[in-house]
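Observations on chain architecture
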Number of protein chains: 2
Amino acid sequence: MKLWKNSHPSLELNNLNIENINQRVRDAQYAVRGELVTIADQMQKDINSGKRTDFEKIVFCNIGNPHAVGQKPITFIRQVLSLVEYPEILNNPNVHLLYPEDVIERAREYVEGSKHGIGAYSNSQGFDFAVKDVANFIEARDGYKADLNNIFLTNGASEGIQMFLNTIIRNNMDGVLLPIPQYPLYSALLTLLGGTKINYYLDESKGWGLSVEELNDAVAKARMRNINVRCIVVINPGNPTGKCLDVENMKEIIKFCQRENLVLIADEVYQENVYVEGMKFTSFRKVLLDMGEEYNNVQLFSCHSVSKGFLGECGQRGGYFEIININGEVRDQIYKLACTRLCPNTLGQLVVSMMTRPPKKGEPSFELYEKEKNTILNQLKERSLMLTKELNSIPGIICERPQGAMYIFPKVELPIKFIEEAERMGKKPDFLWAKHMLEEAGVCVIPGSGFGQKPGTYHFRTTFLADQDSLRDAVQRMKIVHERLLKEYS
Amino acid sequence: MKLWKNSHPSLELNNLNIENINQRVRDAQYAVRGELVTIADQMQKDINSGKRTDFEKIVFCNIGNPHAVGQKPITFIRQVLSLVEYPEILNNPNVHLLYPEDVIERAREYVEGSKHGIGAYSNSQGFDFAVKDVANFIEARDGYKADLNNIFLTNGASEGIQMFLNTIIRNNMDGVLLPIPQYPLYSALLTLLGGTKINYYLDESKGWGLSVEELNDAVAKARMRNINVRCIVVINPGNPTGKCLDVENMKEIIKFCQRENLVLIADEVYQENVYVEGMKFTSFRKVLLDMGEEYNNVQLFSCHSVSKGFLGECGQRGGYFEIININGEVRDQIYKLACTRLCPNTLGQLVVSMMTRPPKKGEPSFELYEKEKNTILNQLKERSLMLTKELNSIPGIICERPQGAMYIFPKVELPIKFIEEAERMGKKPDFLWAKHMLEEAGVCVIPGSGFGQKPGTYHFRTTFLADQDSLRDAVQRMKIVHERLLKEYS
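Remember, it's a predicted structure, so these values are computed and weren't measured experimentally.

**As for a negative patch on the surface**
Residue and element names in this part refer to chain A. Side chains of E213, D217, D246 and E252 sit close together on the surface and give a patch of like negative charge. Summarising the element assignment, D217 is placed in helix α10 (residues 212-224). The class of D217 is partly exposed, set by a relative accessible area of 43%.

Next comes the structure, spelled out in structure tokens:
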């Protein structure tokens, strides 16, 4: 045995090291929580401990994490969850001193509906009642009934996207059309699953519009490389662009999907986040079904989340997805994948249920719910306007007002000498720029290279979630640092 | 464009269907939530609606889901979570009417420690304080300090296992040693990740003992097929076997790992579930570190969960893993994977924190906590004894008393004619047997083929979680059905 062992070539090197692990894991990139955020976290720790005194706090604009920058949770949701975690309290006469009647009722309903409480695994699609709530929400939104079999609750939207791509992608000859710029979860998942990314560029000159000619080009080029193009990801409202698609554009995209036999992955997690007067979100599902039977071979995956909108309940990891025009056999395979992770966390499922079935008019919690909702959405709108204006006041920074979502993706014109300096250091220029912003202005934004951008252009993504004053101060400090950089490298 | 399109061979067939999705997803099997459970769920629904009257209820023995079969949550845990979900209540003077002092204190600590509450994403390893609680728990258990960098909180233990295997497995030439019988998550994940399963058989004649000769054989055979054997999974206490390894055996396994350069994946989620007098759980980590510096090249992954033990908080999806002797570069890659899913759900993290830092002696909740814990563990022990005895009273069913975990894995001797009948139907004999038990005895157990078994032997896995009376009645009905089958097919 011993001798034979030593003769095996790979054996001695088999201990796990960076060279012999899964290359796809090494290749995956996810800038939203990358190197800069690690530095920012350390800076904040140093501020907290008094080690660092140059900033009062780091302004975190790197991630759509509303509660982390001061947004308050919706009272109704937390009150219900509080009771469901400890249902004993429902039998305590003092419960009425602390909770409104409709909260108590909803909590009772969840305790009974979940049958065994929230400590048991639910079924793998999610609690029956929560799946029904989602179906009713979708029907009310779109005017078309939803099939309960085709709705899956998930740990945030990310998990559903991962399951679906895992079901589709077979090998590196399978391709997925990804917008550039895109939310980097998609590129990271594709890398991990071993599929091929096919970039299509959003048009910055048209407010990050999506043109079907660009899609045609991208597909044609991919097919010339013998890539089997299987689906397209569309994020609407856009992340990181804030762009909201109009219905005509969506119809063109659906026609494109039919023509090219592509599954449409519609990331609609920002559907509540539309800030332009007179503009409203329309789901790809509604547009598709409005187009009639002729399009019932277009396959659609659509996801939603409790992390965005006005709930901002990121930590509770709730989400769902729905599949349309996908046959039962494929659905059963997705179900099996869902089973291997047993169930989405039960509290997150209840948040999905409440997001899709909020208090109704006349119920005790209705007014507060509406007030909290409107306050949050109005603040986001105001902040998006203010931040757009302030950023545009910095020389060499250009951005359009975001129509929706939680982000602005401004272009930064960098001096050639700065770019050369970055290259000398082996860093991406936009990364180096964002690092300056972090270390000298105390603002954590993500370089555009984390989302993709046209070669030779530089961007960054910032959220507009922090409070007005923090954002205004942040952008003032960025202005000073940026102007200094312009001078230094002119 | 049009003509070119039609000339593309794969295009018309590109719409998703069962033939053109990821074969690895199709191949993955997870019997714990398979076909039988779908039938059982429907039967229970029919009972609830009055459509079916032959059984009072289905006795679900298919899955370690304690709350679903009547186990009550630990009061302290739920009280704290209740307050953390709705921290406003901490400022209400009536809060003292409803919650003990140490619960209020712990909730305050979590609200402050999480900084932004549980609605924000935490960092991807988990809340700092929760990681520290885990480290302290591990240190107190093993007598060796734990490195905070190497502890990751997860959505249940499953997610951590998935992340780690994803990091290791490169292609189908990478192999993982899996026990037979095994918890089918491992085989499902390996299939999904495209790695190769290498079976090693546990020895039923020695109470499902693990012999190193068997491991040597399995590795040797795999290497002859040029498989690069990378790690071994050991489940201790065993699922589905209930076997607890003794320290001498664990040392042998560690020596084997060193000799063969294998990473040891220690699934220790049942570490609280040991029922034999005088026997106690020892972690692989402690055994490894006790063996001294000479073994510091043995790489270890160990996971734990809030779903098992006496908490049984499956639905809250809390867990953690720790990696030992794994270098920082590899650790950073695992961290990146953790980042792509943003964070484990925050409530589950708090349950991990409380599991690893329960109320201390002298605190108001201590006595109740201890009482609830001991009641649950004693009941599990009693049920395991009762069920073993009752099952052994059925002719042709043989099982040993489980030393730990939540399962018994009895052997069933099936008549040849029954086996032939199953084969005629294209069914696995143990599946057909379990289906009879479900449909005629109202008991949902999982056939041994879902876990793996020696060819020509038949088993099933049952939990011993349901209450004594339900279990006793269930086994009586199984006895009647089984005896009828013996007669019918003799």
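From this point, things continue past the structure.
**Focus: the sheet that holds strand β7 (residues 300-305) of chain A**
Residue and element names in this part refer to chain A. Here seven strands make up an open sheet; going across it, the order is β2-β8-β7-β6-β5-β3-β4 and the pairing mixed. This sheet does not close on itself; its edge strands, each paired only once, are β2 (151-154) and β4 (196-201). On average, each strand axis in the sheet is tilted by 20° relative to the strand beside it, whichever way the strands run. With four bridges joining them, strand β3 (residues 174-180) and strand β5 (residues 228-235) adopt parallel strand pairing. Each residue of the ladder has a partner; that of D174, found in β5, is N228. Contacting β3, β4 and β5, α10 runs over the sheet at an angle of about 150° to β4.

**Regarding the interface of chain B and chain A**
Opposite the 102 residues of chain B that make contact, chain A presents 102 residues. Summed over both partners, the interface of chain B with chain A buries about 8,900 Å², with 54% contributed by carbon and sulfur atoms. Summed over the three residues of chain B that lose the most area to chain A, namely B:L16, B:R33 and B:Y121, the buried surface amounts to 9% of that side. In this structure, B:E85 and A:R78 form a salt bridge, with 3.8 Å as the shortest nitrogen-oxygen distance. Our count for the chain B to chain A interface comes out at 47 residue pairs in polar contact (both at pLDDT 80 or more). Of the residues assigned to the side of chain B that touches chain A, the class counts are 42 nonpolar, 38 polar and 22 charged.

**Concerning the side chain of B:D430**
Residue and element names in this part refer to chain B. As for its placement among the helices and strands, D430 is situated in helix α17 (residues 429-441). Buried within the structure, D430 lacks any salt-bridge partner; its nearest side chain of opposite charge belongs to K428, at an N-O separation of 6.7 Å. In contact with D430, not counting residues within four places along its chain, are L414, P447, G448, S449, Q453, Y458 and H459.

**Describing the domain arrangement of chain A**
Residues and elements named next belong to chain A. When its domains are assigned, chain A resolves into domain 1 (23-71 + 370-488) and domain 2 (112-356). Computed from C-alpha atoms alone, the centre-to-centre distance between domain 1 and domain 2 is 27 Å. The partner domain 2 presents 38 residues to the 38 residues of domain 1 that form the contact. Carbon and sulfur atoms make up 59% of the area that domain 1 and domain 2 hide from each other, which totals about 3,100 Å².

**A look at the sheet that holds strand β13 (residues 446-447) of chain B**
All names here are of chain B. With antiparallel pairing, the three strands of this open sheet are ordered in space as β10-β14-β13. A strand with exactly one partner marks an edge of an open sheet, and here the two such strands are β10 (407-408) and β13. Pairing of β13 with strand β14 (residues 460-463), which is carried by two bridges, proceeds in the antiparallel orientation. Counterpart to I446 in the pairing with β14 is R461.

**Remarks on the environment of A:L90**
Residues and elements named next belong to chain A. Along the chain, L90 falls in the loop between α4 (75-85) and α5 (95-98). Along the backbone, L90 and E105 are 15 residues apart, and their C-alpha atoms lie at a distance of 9.4 Å. If we skip the residues at most four places from it in the chain, L90 touches L83, V95, I104, A107, R108 and V111.

**Re the confidence of the model for chain A**
Segments scoring low in pLDDT should not have their predicted coordinates read at a detailed level. Chain-level pLDDT for chain A is 95 on average; 97% of the residues reach the 70-or-more range. pLDDT under 50 marks residues 1-12 of chain A. Its contacts with residues more than four places away, or in other chains, come to 16 contacts.

**Overview of the relation of the copies chain B and chain A**
Once chain B has been moved 0.0 Å along the axis and rotated by 180°, it coincides with chain A to within an RMSD of 0.0 Å. Viewed as a symmetry operation, the transformation between the two copies matches a two-fold axis. Residues of chain B ranked by C-alpha distance from the rotation axis are headed by B:S82, positioned 2.0 Å from it. Same-surface contact between copies: 100% of interface residues of chain B are shared with the interface of chain A.

**Let's talk about α17(B)**
Residue and element names in this part refer to chain B. Taking 1.5 Å per residue, 13 residues should reach 18 Å; α17 reaches 17 Å between its end C-alpha atoms and fits that length. Of all 13 residues that make up α17, ten are buried, and the element is covered over most of its length. Listed as buried for α17 are P429, D430, F431, L432, W433, A434, H436, M437, L438 and A441. With its phi angle positive at about 70°, G442 sits one or two positions after the end of α17.

The rules behind the values
- Residues numbered from 1 in each chain as written.
- Chains lettered and ligands numbered in written order.
- Predicted model: local features only at pLDDT ≥ 70, side-chain atom pairs only at ≥ 80, totals over all residues.
- Heavy atoms only, no water.
- Patch = residues over 30% accessible without salt bridge, like charges linked within 9 Å, V, L, I, M, F, W, Y side chains within 5 Å.
- Areas by Shrake-Rupley, 256 points an atom, 1.4 Å probe, with all protein chains shown as cover.
- Salt bridge = Lys/Arg side-chain N within 4 Å of Asp/Glu carboxyl O.
- Lys, Arg positive; Asp, Glu negative; His and termini not counted.
- Charge placed at Lys NZ, Arg CZ, Asp CG, Glu CD.
- Helix = DSSP H or I, 4+ residues; strand = E, 2+ residues; numbered from the N terminus.
- Buried < 20%, exposed > 50% of the residue type's maximum accessible area, 1.4 Å probe, protein only.
- Pairing = 2+ DSSP bridges.
- Axes fitted to C-alpha atoms, helices over the stretch in contact; angles between N-to-C directions.
- Contact = heavy atoms within 4.5 Å.
- Buried area = accessible area lost by both parts, 1.4 Å probe.
- Polar contact = N/O pair within 3.5 Å; in protein donor to acceptor, adjacent residues only side chain to side chain.
- Nonpolar A, V, L, I, M, F, W, Y, C, P; charged D, E, K, R; others polar.
- Domains from an automatic or database assignment.
- pLDDT = per-residue confidence, 0-100.
- Least-squares fit on C-alpha atoms with pLDDT ≥ 70 in both.
- Expected span 1.5 Å × (residues − 1).

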